[in-house]
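Report on the structure
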Amino acid sequence: LPKNTQTSILQNPRQKVISLEALSTFGWSVVAETTIGIDTFGVSAPGPQAMAHFGFEQNALTERLFAIITANNR
């Protein structure tokens, strides 16, 4: 999306914007206050084990997102 489209969609200044990408976070910092992704090279393992290695499990993500959302609640 062009930047003007992104900012028109995400225009509430009190809203926390978090990007969650199971790949690189490159480019997300333009629109997101917090980026969660994989910014290192991969790991050789079955999918579920690789995702767990990078913290992309449901419980881990839920805890991390909850901590971000409730931190310094604006």
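Please read all numbers here as calculations on a predicted model, not as lab measurements. (Residues numbered from 1 in each chain as written. Predicted model: local features only at pLDDT ≥ 70, side-chain atom pairs only at ≥ 80, totals over all residues. Heavy atoms only, no water.)

Considering the overall build of the protein chain
A tally of regular secondary structure across the protein chain gives three helices and two strands. Helices and strands appear in the protein chain in the N-to-C order α-β-β-α-α. Burial statistics for the protein chain: of 74 residues in total, 18% are counted as buried. Counted over contacts in the protein chain with a minimum sequence separation of 6, partners at least 24 positions apart contribute 34%. As displayed, the protein chain has an accessible area near 5800 Å², and 56% of this comes from carbon and sulfur atoms. (Helix = DSSP H or I, 4+ residues; strand = E, 2+ residues; numbered from the N terminus. Buried < 20%, exposed > 50% of the residue type's maximum accessible area, 1.4 Å probe, protein only. Contact = heavy atoms within 4.5 Å. Areas by Shrake-Rupley, 256 points an atom, 1.4 Å probe, with all protein chains shown as cover.)

Describing the side chain of S19
Tracing the sequence through the fold places S19 in strand β1 (residues 18-20). The residues contacting S19, other than those within four sequence positions of it, are W28, A32, T34, T35 and I36.

Here's the deal with the nonpolar core
Core analysis: the biggest nonpolar cluster contains five residues, these being I36, I38, F56, L61 and I68. With residues up to four places along the chain from it excluded, the contact list for F56 reads L20, E21, A22, I36, G37, I38, M51 and L61. (Core = buried A, V, L, I, M, F, W, Y, C linked by side-chain atoms within 4.5 Å.)

Let's talk about the side chain of T25
Tracing the chain through its elements places T25 in the loop between β1 and β2 (34-36). A polar side-chain atom of T25 sits 2.7 Å from a polar atom in the side chain of D39. With residues up to four places along the chain from it excluded, the contact list for T25 reads T35, I36, G37 and D39. (Polar contact = N/O pair within 3.5 Å; in protein donor to acceptor, adjacent residues only side chain to side chain.)

A look at helix α3 (residues 58-70)
When the terminal C-alpha atoms of α3 are compared, their 18 Å separation across 13 residues agrees well with the 18 Å that a helix rising 1.5 Å per residue should span. Positioned one or two residues after α3, N72 has a phi angle of 45°, which is positive. (Expected span 1.5 Å × (residues − 1).)

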